[in-house]
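One letter stands for each residue in the lines below.
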Amino acid sequence: MKDVNLLIANGVAVNASLELLGDLDTYEATLCDFLEEIDEKVANIKKYKEKGDLENYAILVHSLKSDSRYLGFNQLADLSYHHEMASKEGDVDYVDSHFQELMVVLEDVVSLVKKYMNGEKNIEKMATTSDSSLGKKILVVDDSNIVRNLIEKIFRDEYHIIMAGDGNEAISALSSSSEFSGILLDLYMPNANGFTVLNYLQRENLFSKIPVVIVTGNTTKETMEDLAKYPIIDILAKPFDENNIRRVMRAIENFK
C-alpha cells in the first residue's frame, strides 16, 4: 500500500499539488504520466544539450519545470527554471556546469516516485477518454502529457477533447476539421510552437470562428507583447487548477 508520507518526508509538496489536482487519485495518475514520459524527455534533453541546440533545450526544461510544479517537485522545478533562463540567454557555460546537478536531482525524483509506486510505471489509471459523441470539440495543444490528461479528465463528460502534442499536430487537426468550439494552446513546444499555430489561424481567418485561450508557463512582458498581435480571448498561467481552467472555458462558451 502506498504511503504518501514517503513523498512528503522527502520534500515533495504534495498538499500544494492536491490544491491544483484535486485529489490523491488524480495526483497518482499524474505521477504515472510523469513516469511514462520522463525517459524520452530526459533523452531529448541530453540530445539537445550535446548538440548545443539551446532553443529546443529551453523548451524541454521549461516543460520539465511545468510538470514538476504540478507534482510538487519544487527543487527540480527551480533547477529546471534556471536552466531554462540560461539557455534562453545562450549561457552555455551555465548549462554545462550545472547539468549534472539537474540530472542528479531528476534521477532522485524518479527513484522516489518509483519507490512510492512500488516500482510500477503502469498503475491503474482512471479512464480519461472523452466522449466522441459530445457535440463540442476542444483542441488541447501541449507537449506535456500531464497537462493534456489533466484537462481531459476535467472535461471528459462535457466536451470531446482532441489532443495535440505540438504545433504540427495541431495544424493537422485544424486542417482536417475547423469544427472546433475552442482551442487551449501552449506556446513553447518542440517541432512547432504555439506561435506557429497562431500564425496559421491568422492566415486561415479562423480567429473569428474558433476562440483561442493561451495556456502557458511563460508570462514575461516580451511574451505578452507578442501575444497582443493576435485576437486571443484569454491567457491562463501554469500551473492552473480546475477553477481556473473552468473560468477560461466559460470565456470560450461565451465567445460570439
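Before reading on, note that the structure itself is shown above.
Reading guide: rules and limits
Residues numbered from 1 in each chain as written. Predicted model: local features only at pLDDT ≥ 70, side-chain atom pairs only at ≥ 80, totals over all residues. Heavy atoms only, no water. Buried < 20%, exposed > 50% of the residue type's maximum accessible area, 1.4 Å probe, protein only. Helix = DSSP H or I, 4+ residues; strand = E, 2+ residues; numbered from the N terminus. Pairing = 2+ DSSP bridges. Right-handed = clockwise from strand over helix to strand, strands pointing away. Phe/Tyr/Trp six-rings, centres within 6.5 Å; stacked < 30°, edge-to-face > 60°. Axes fitted to C-alpha atoms, helices over the stretch in contact; angles between N-to-C directions. Contact = heavy atoms within 4.5 Å.

(A) Up close: the pairing of strand E4 (residues 212-216). Where burial is concerned, most of E4 is hidden: 5 out of the 5 residues are buried. In terms of strand pairing, strand E3 (residues 182-185) meets E4 through 3 bridges, oriented parallel. Across the sheet, residue leucine 184 finds its bridge partner in E4, namely valine 213. In this region the chain leaves E3, passes through helix H9 (residues 194-203) and returns to the parallel neighbour E4; the handedness of that crossover is right-handed. Handedness of the crossover joining E4 and strand E5 (residues 234-237) through helix H10 (residues 221-227): right-handed.

(B) Structural context of the packing of aromatic side chains. One pass over the structure, following the stated rule, counts 7 aromatic pairs. Pairing tyrosine 70 with phenylalanine 240 gives two aromatic rings, centres 5.7 Å apart and planes at 80°, and the pair type is edge-to-face. With tyrosine 70 in helix H4 (residues 54-71) and phenylalanine 240 in the loop between E5 and helix H11 (242-253), this residue pair connects regions lying 170 residues apart in the sequence. Residue tyrosine 70 is classed as buried on the basis of its relative accessible area, which comes to 0%. What makes phenylalanine 240 buried here is its relative accessible area of 0%. Aromatic side chains phenylalanine 195 and tyrosine 230 sit 6.4 Å apart centroid to centroid with 45° between the ring planes, which places their arrangement in the tilted category.

(C) Focus on the sheet that holds E5. The 5 strands are arranged E2-E1-E3-E4-E5 in an open sheet whose pairing can be described as parallel. Since the sheet does not close on itself, it has two edges, and those belong to strand E2 (160-164) and E5, each with one partner. For this sheet, the mean inter-axis angle between neighbouring strands, taken without regard to orientation, is 20°. Taken together, the 4 bridges between E4 and E5 define a ladder with parallel strand orientation. Across the sheet, the residue bridging to isoleucine 214 is isoleucine 235, located in E5. Along the sheet, H11 contacts strand E1 (137-141), E3, E4 and E5; its crossing angle with E5, the most-contacted strand, is approximately 170°.

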